[in-house]
Number of protein chains: 6
Amino acid sequence: MFQEIYYDDYRIGDTRTTLGRTITEADIVLHAGQTGDFFPHHMDAQWCKTQDFKQRIVHGTLTFSVGVGLTAVVVNPRGMSYGYDRLRFIKPVFIGDTLHTVVTISEKNDHKKRQNVGIVTEHLDVKNQNGDTVLVCDHLLIVDKKATSHG
Amino acid sequence: MFQEIYYDDYRIGDTRTTLGRTITEADIVLHAGQTGDFFPHHMDAQWCKTQDFKQRIVHGTLTFSVGVGLTAVVVNPRGMSYGYDRLRFIKPVFIGDTLHTVVTISEKNDHKKRQNVGIVTEHLDVKNQNGDTVLVCDHLLIVDKKATSHG
Amino acid sequence: MFQEIYYDDYRIGDTRTTLGRTITEADIVLHAGQTGDFFPHHMDAQWCKTQDFKQRIVHGTLTFSVGVGLTAVVVNPRGMSYGYDRLRFIKPVFIGDTLHTVVTISEKNDHKKRQNVGIVTEHLDVKNQNGDTVLVCDHLLIVDKKATSHG
Amino acid sequence: MFQEIYYDDYRIGDTRTTLGRTITEADIVLHAGQTGDFFPHHMDAQWCKTQDFKQRIVHGTLTFSVGVGLTAVVVNPRGMSYGYDRLRFIKPVFIGDTLHTVVTISEKNDHKKRQNVGIVTEHLDVKNQNGDTVLVCDHLLIVDKKATSHG
Amino acid sequence: MFQEIYYDDYRIGDTRTTLGRTITEADIVLHAGQTGDFFPHHMDAQWCKTQDFKQRIVHGTLTFSVGVGLTAVVVNPRGMSYGYDRLRFIKPVFIGDTLHTVVTISEKNDHKKRQNVGIVTEHLDVKNQNGDTVLVCDHLLIVDKKATSHG
Amino acid sequence: MFQEIYYDDYRIGDTRTTLGRTITEADIVLHAGQTGDFFPHHMDAQWCKTQDFKQRIVHGTLTFSVGVGLTAVVVNPRGMSYGYDRLRFIKPVFIGDTLHTVVTISEKNDHKKRQNVGIVTEHLDVKNQNGDTVLVCDHLLIVDKKATSHG
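How each quantity is defined
Residues numbered from 1 in each chain as written. Chains lettered and ligands numbered in written order. Predicted model: local features only at pLDDT ≥ 70, side-chain atom pairs only at ≥ 80, totals over all residues. Heavy atoms only, no water. Helix = DSSP H or I, 4+ residues; strand = E, 2+ residues; numbered from the N terminus. Contact = heavy atoms within 4.5 Å. Areas by Shrake-Rupley, 256 points an atom, 1.4 Å probe, with all protein chains shown as cover. Lys, Arg positive; Asp, Glu negative; His and termini not counted. Charge placed at Lys NZ, Arg CZ, Asp CG, Glu CD. Core = buried A, V, L, I, M, F, W, Y, C linked by side-chain atoms within 4.5 Å. Buried < 20%, exposed > 50% of the residue type's maximum accessible area, 1.4 Å probe, protein only. Least-squares fit on C-alpha atoms with pLDDT ≥ 70 in both. Salt bridge = Lys/Arg side-chain N within 4 Å of Asp/Glu carboxyl O. Polar contact = N/O pair within 3.5 Å; in protein donor to acceptor, adjacent residues only side chain to side chain. Buried area = accessible area lost by both parts, 1.4 Å probe. UniProt positions renumbered as here; feature names shortened; annotations may be inferred. Nonpolar A, V, L, I, M, F, W, Y, C, P; charged D, E, K, R; others polar. Phe/Tyr/Trp six-rings, centres within 6.5 Å; stacked < 30°, edge-to-face > 60°. Lys NZ or Arg CZ within 6 Å of the ring centre and 35° of its normal.

Colleague: Go over the overall build of chain A with me, naming the residues and quoting the values.
Modeller: Helix and strand counts for chain A come out as 5 helices and 6 strands. Counting helices and strands in the order they occur from the N terminus, chain A gives β-β-α-α-α-α-β-β-β-β-α. If you take every contact in chain A between residues at least 6 apart in sequence, the share linking residues at least 24 apart comes to 71%. A total accessible area of about 6,400 Å² is found for chain A, and carbon and sulfur atoms account for 49% of it. Side-chain charges in chain A split into 17 positive and 18 negative, and the spacing between the mean points of these groups amounts to 3 Å.

Colleague: Before we move on, can you summarise the nonpolar core with the specific residues and values?
Modeller: Core analysis: the biggest nonpolar cluster contains 126 residues, and F64 of chain A, F64 of chain B, F64 of chain C, F64 of chain D, F64 of chain E together with F64 of chain F have the highest contact counts within it. If we skip the residues at most four places from it in the chain, F64 of chain C touches Y84, L87, L135 and C137 of chain C together with T61, F64 and L87 of chain E.

Colleague: Could you give an account of the relation of the copies chain B and chain A, naming the residues involved and the relevant values?
Modeller: Expressed as a screw operation, the relation of chain B to chain A combines 0.0 Å of axial shift with a rotation of 180 degrees, fitting to an RMSD of 0.0 Å. Taken together, the rotation angle and the small translation identify this as a two-fold axis. Minimal C-alpha separation from the rotation axis in chain B is found for D85 of chain B, amounting to 2.5 Å. Counting the interface residues of chain B, we find that 100% of their copies in chain A are interface residues as well, pointing to one common contact surface.

Colleague: An account of the pattern of salt bridges is needed here, citing residue identities and associated values.
Modeller: By the definition in use, this model includes 66 salt bridges over all chains. Two residues, K91 of chain B and D132 of chain B, come together in a salt bridge whose shortest N-O distance is 3.4 Å. One end of the pair, K91 of chain B, is in the loop between β3 (79-89) and β4 (98-110); the other, D132 of chain B, is in the loop between β5 (117-127) and β6 (133-144), and 41 residues separate them in sequence. For E25 of chain E, the salt bridge identified is with R56 of chain E, shortest N-O distance 2.9 Å. Of this pair, E25 of chain E sits in helix α1 (residues 25-35) while R56 of chain E sits in the loop between α3 (45-48) and α4 (60-69); the two residues are 31 residues apart in sequence, bridging distant segments of the chain. Like E25 of chain E, the residue R56 of chain E is buried in the burial classification. Connected via shared salt-bridge partners are E4, R78 and D144 of chain A.

Colleague: Lay out the side chain of R88 of chain C in plain terms, naming residues and giving numbers.
Modeller: Secondary-structure assignment places R88 of chain C in strand β3 (residues 79-89). On the basis of relative accessibility, which here comes to 17%, the residue R88 of chain C falls in the buried class. In terms of polar contacts, R88 of chain C uses its side chain to reach the backbone carbonyl oxygen of Y84 of chain E, at 3.2 Å. Aside from chain neighbours lying at most four places away, what touches R88 of chain C is V134, L135 and V136 of chain C together with Y82, G83, Y84, D85 and L140 of chain E.

Colleague: Explain the interface of chain B and chain A to me, and be specific about the residues and the numbers.
Modeller: If you look at the interface, chain B gives 35 residues, while chain A gives 35 residues. Summed over both sides, the interface between chain B and chain A buries roughly 2,800 Å², with carbon and sulfur atoms accounting for 59% of that surface. A per-residue breakdown of the area chain B buries against chain A is headed by Q34, F39 and R88 of chain B, which together make up 23% of the total. The interface formed by chain B and chain A holds 2 salt bridges in total. Of the charged contacts, one joins D85 of chain B and R88 of chain A as a salt bridge, the two residues approaching to 3.1 Å between their closest N and O atoms. Every element with two or more residues in the side of chain B that touches chain A is listed here: α1 (25-35), α2 (40-43), α4 (60-69) and β3 of chain B.

Colleague: With reference to specific residues and values, describe the UniProt feature "domain: MaoC-like" (unreviewed entry) in chain A.
Modeller: Here, UniProt's "domain: MaoC-like" (unreviewed entry) annotation points to residues 13-123 of chain A. The distance separating the terminal C-alpha atoms of residues 13-123 of chain A is 10 Å; by composition the span is 26% helix and 32% strand.

Colleague: Please provide a residue-by-residue account of the interface of chain D and chain E, values included.
Modeller: Between chain D and chain E, the residue contacts involve 4 residues of the former and 4 residues of the latter. Of the roughly 430 Å² buried where chain D meets chain E, counting both sides, 96% is carbon and sulfur surface. Ranking the residues of chain D by area buried against chain E places M1, L19 and V73 of chain D at the top, with a combined share of 79%. Inspection of the region where chain D meets chain E yields 0 salt bridges. Grouping the constituent residues of the side of chain D that touches chain E by class yields 4 nonpolar, no polar and no charged.

Colleague: I'd like a description of the packing of aromatic side chains, backed by residues and values.
Modeller: Overall, the coordinates contain 24 aromatic pairs over all chains when judged by the stated rule. Ring geometry for W47 of chain A against F2 of chain B: centres 5.8 Å apart, planes inclined by 55 degrees, an arrangement best described as tilted. A residue pair is termed interchain when its members come from two chains, as with W47 of chain A in helix α3 (residues 45-48) and F2 of chain B in the segment before β1 (15-17). On the basis of relative accessible area, W47 of chain A is assigned to the buried category, the value being 19%. Judged by its relative accessible area of 39%, F2 of chain B falls in the partly exposed class. Between the aromatic rings of F64 of chain C and F64 of chain E, the centroid separation amounts to 5.2 Å while the plane-to-plane angle is 75 degrees, which identifies the pairing as edge-to-face. Here the residue F64 of chain C occupies a position in helix α4 (residues 60-69), and F64 of chain E occupies one in helix α4, the pair thus bridging two chains. By the ring-pair criterion, three or more aromatic residues cluster together here, those being F64, Y84 and F89 of chain A together with F64, Y84 and F89 of chain B. Over the face of the ring belonging to Y7 of chain B we find K108 of chain B, whose NZ or CZ atom lies 4.6 Å from the ring centre.

Written out as structure tokens, the structure reads:
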């Protein structure tokens, strides 16, 4: 699953859809354990009944981690994750929701300081089983340019 | 650990430092399991020896999730996480590194559409045991305004 | 969340209530995995149907660990856990129950051999969502005395 | 739970039945995390509704691992697991099914090259709560012979 | 592994020794995740270097849960766990320590209110690889009496 | 990652190599927890020092589950796992070993009873970082035939 993809190879507008993944109660328990975030919104079903959303909601960092993880299928030795912009929680995610991510190449930009790489922006749209967007973000990748790497 | 903090109570420049947390090999294994990201950068110690960083590196989403999780100490019923901006991976995190997060109130802004809430920006600076910053991001919170909520 | 609390600062009768925590099926699975206790009371839903309690019950050591863990909010560098007395399982805990712990300072005693410390007893009352007590115990802490530590 | 059992002690036809174990959603989540097998058959409840089996099915390697694990009760220092033959998935296993294993000594054979050991075959029949077989396999053990080990 | 043992069958002074179990870094990570106890004593290797014990120590509730779990080998349908007395943390447990438990029947007492059962006390002595005791406690079991249960 | 591959498409001798995966101490801990197999070979570092292999060895079911899991990259809706033959543990696997699997199409056979499917055998050769084979098995897949499925 290694595949070399250069900056030059990315085309704005290209899109792919990941496999789906059901978020389980176990995922919340494990994520609380991993992050130390035991806020009652995620861990106290009783308290949640008294809130607007009436049930436990999935940690934002879990929705993000799974939404991004679903896209991690092809290892591109020419690219490197640089960061994320405009990460927004659009809708709450509940136990039992099934998520998938639609990835769209949304931008390509030169790197300000390094001529041999460029910055590719993948727009991630994480959707639930109803097709509703629950999270969006822009994933920034630093990717080698072809010309440069050949000399 | 519930504490009501209104938009009006946040003061730009206020800062707090979280407890520390050592990132273990077990954390990587669990995070790969949670996200499905089994990229060799995180899971294949042998392959990593052939790369620049020479050893397994921690998933970006794990550093982020733990860095944010460390800040989840006080439940503020007046605030809600809205999203993150300018999330950047500054330095790689390795197994055995100990992280803590410095939180600074960096911005306060009115909400464009809703008068009774404002947007508070917490700047998160996740540092390792040497004091080097490994990740930064701006956490956006929608917080109730006092005046409004009293009438 | 570090806070220095001396023996002299504890007042008998002082009480605090922790956040709540819903015990999930995942918690039982993880606890069985951690302890090696795969007794059918916890792991065999089919067999449990033939027993008085009709459903899987939570490990006693899990109820205890969570009940105690809920109290671990403030790190007191002046105190140290010494042990527990009169730990009793009052009612069974089932999957889906939400627990919280009421902590009461119930006793203060001099240490028999060391003048500069005392023993503080925290009475832990772990309750479910109906307010029924499911587990009680007395947590013994060895805590520095003020006078002594100043000279 | 150490018990020395020599090749000579095994009797063809001897049978034992293990404790039962309910397979939970958490078990699937953990097994996906352990193996990296996030196929939608196991992880995507939404997609499974469109398939013949209508719901998530348990990984074959999980059913096998648990079915075998249930038999790991007595440590026999005279025996060693050598491999498995004719492992077959007979029926799908679903979340909530309770498995147990019936172990039968089905064969004893001399080792082709080593006189002091023999090969004992344990036939494993993993059954669900309805008594239906879900998986079978033949577990091959290399076991010390008595005579040889005494001289 | 079901075995009926009546109150009358227990003999004071009888003793058994469990299998051993190495406590790993992963165990601490999982236990923190299960209990929500992320105190730096267990999770912050950097901070621990500044303390007397110089390294991360195992949660008391983990040592207890594993020490007890190691004894959970035979299911006795005639007995029921009732509680624990005099649980004491004798020595710190570190990552990599290997624990086992020595169980001794130390007391038998009539039940104050119910004639058909008695209380059996198992004294648990949890030891590390050097034979040093790290934790002790008295496990109280309510066990059916033979005479009574037959008429 | 869905890809339709018919029986007719498989070619004997075709081979592919998976990504690598380092087996960690955490993996053993989680696998013991999942299977209930807490044999000292895997869990008691102290006891292992007294044995031939001198250190903890990885559960056979874990090596198998990971070795197979590494091959689970492409979902083929035309195929279904049917079972495994000749599963053999060739060499012990230790904590820190890095495994990968070489998959070779080794056999194609008609199904005895159903004309529209055939049985494809994938030979799995699980190797460690030294290129030594640690486990082999034959994975049997029932796969739709092209002609039949079109009419």
